[in-house]
Amino acid sequence: QGAEAEAEAGAPQEERAKCVTGDCRPGCVVEATRGIAPTAPMAGPDDSTALVPAEFKVYSRRWWILFNYSLSTLLNAVLWISFAAIDDETAAYYDVSTEAVNWLAIVFQVLYLPGTVFALYLLTAYSLRRTLVIGTAMGAVAAGLRALSVG
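Per-chain numbering applies: the sequence of each chain, read as written, is numbered from 1 onward. Where totals are concerned, whole chains, interfaces and linings use all residues; where local detail is concerned, this predicted model gives features only for residues with pLDDT of at least 70, and gives and counts side-chain atom pairs only at 80 or more. Each side-chain value is derived from all of the structure's non-hydrogen atoms; neither hydrogens nor water enter the calculation.

Now for the overall build of the protein chain. Summing up its helical and strand segments, the protein chain has 7 helices and 2 strands in all. Of the contacts made within the protein chain by residues no fewer than 6 positions apart, 31% connect residues no fewer than 24 positions apart. To measure how exposed things are, a 1.4 Å probe is used in the Shrake-Rupley method; for residues, cover is taken only from the protein chains shown. Accessible surface for the protein chain amounts to roughly 11,400 Å². Of this, 65% is attributable to carbon and sulfur atoms. For the purposes of this entry, the term helix denotes a DSSP run of H or I that reaches at least four residues, the term strand denotes a run of E that reaches at least two, and both are numbered from the N terminus. Pairs of residues are marked as contacts when any of their non-hydrogen atoms sit within 4.5 Å.

The geometry of an aromatic ring pair is captured by the separation of the ring centres together with the interplanar angle, meaning the angle of the planes. Think of it this way: a Phe, Tyr or Trp ring, Trp meaning its six-membered ring, pairs with another when their centres are within 6.5 Å, and the plane angle makes it stacked under 30 degrees, edge-to-face over 60, tilted otherwise. Under the defined criterion, the tally for this structure stands at 2 aromatic pairs. Relative to F67, the ring of W64 lies with its centre 5.7 Å away and its plane at 25°, an arrangement referred to as stacked. On the criterion of helical spacing, the pair formed by W64 and F67 is a turn pair, its members being 3 residues apart in helix 3 (residues 60-81). For every residue, the accessible area obtained with a 1.4 Å probe (protein chains only) is divided by the maximum for its type, and the residue is called buried under 20%, exposed over 50%, and partly exposed between those limits. Owing to a relative accessible area of 44%, F67 belongs among the partly exposed residues under this scheme. Judged by centre distance (4.9 Å) and plane angle (90°), the ring pair of Y93 and Y94 falls under edge-to-face. Note on Y93: relative accessible area 53%, which makes it exposed.

Before going further, it helps to examine a nonpolar patch on the surface. Judged by side-chain polarity, W64, F67, L71, L74 and V78 come together as a nonpolar surface patch covering roughly 530 Å² of accessible area. Mapped onto the secondary structure, L71 falls in helix 3. The partly exposed category is assigned to L71, whose relative accessible area is 45%. Each patch is assembled from residues with relative accessible area greater than 30% and no salt bridge, linking like charges that lie within 9 Å and nonpolar side chains (Val, Leu, Ile, Met, Phe, Trp, Tyr) that lie within 5 Å. By definition here, a salt bridge exists when the distance from a side-chain nitrogen of Lys or Arg to a carboxyl oxygen of Asp or Glu is within 4 Å.

Mapped onto the secondary structure, T136 falls in helix 7 (residues 128-150). Separated by 64 residues in the primary sequence, T136 and S72 have C-alpha atoms spaced 5.8 Å apart. In contact with T136, not counting residues within four places along its chain, are S72 and L75. Two N or O atoms count as a polar contact when they lie within 3.5 Å, although within protein this holds only if one can serve as hydrogen donor and the other as acceptor, and sequence-adjacent residues are included solely when both atoms are side-chain atoms. At a separation of 2.8 Å, a polar atom in the side chain of T136 contacts the main-chain carbonyl oxygen of L132.

The subject of this paragraph is the packing of helix 3 against helix 7. Following both chains from N to C, one finds helix 3 and helix 7 inclined at 30°, their axes separated by 10 Å at the closest point. Judged by the angle between their axes, helix 3 and helix 7 are roughly parallel. By crossing handedness, the relation of helix 3 to helix 7 is classed as left-handed. Contact residues: I65, N68, Y69, S72, L75 and L79 in helix 3; L128, L132, T136, G139, A140, A142, A143 and R146 in helix 7. Considering only residue class, the contact of helix 3 with helix 7 consists of 9 nonpolar, 4 polar and 1 charged. Simply put, an axis is a line fit to the C-alpha atoms, just over the touching stretch for a helix, and the angle between two N-to-C directions goes from 0 to 180 degrees. With respect to orientation, any angle under 35 degrees is reported as roughly parallel, any angle over 145 as roughly antiparallel, any angle of 65 to 115 as roughly perpendicular, and every other angle as oblique. Two helices crossing with the near one rotated counterclockwise from the far one by less than a right angle form a left-handed crossing, whereas a clockwise rotation gives a right-handed crossing. Polar here means any residue outside two lists: the nonpolar Ala, Val, Leu, Ile, Met, Phe, Trp, Tyr, Cys and Pro, and the charged Asp, Glu, Lys and Arg; Gly therefore counts as polar.

None of the figures reported here should be taken as evidence of function without further support.
Here's what the structure looks like:
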């Protein structure tokens, strides 16, 4: 360890930062510079903590995934609140109480926790893509049932 520590002490600051943070991927540059927003602390040359900026690569595919997730969430929100604005008309059309119509919005909040557990199971068992497809398909089936109920 002594020779390794001496070799590291004589290494340039950038190389020392790469060794300390454990980031040795090719093409990834980590600079040990003070005064930059912290992302990963590292031991500085005077045993103080220096701040290490991290560089992130933005992939255009991630924007597509975010768009699909947002669209799926929008579908869910529309289904959740669709009858709340017209609860009197809906109650008159189906000949039920307004309380029964309001339960259509409340059931989403009641099923949120079991739905979250189910979604976490799907995320661990399958991929994010497949989980998103399953969730969106379930929302589309629910929207279809609501559309068919009007007749």
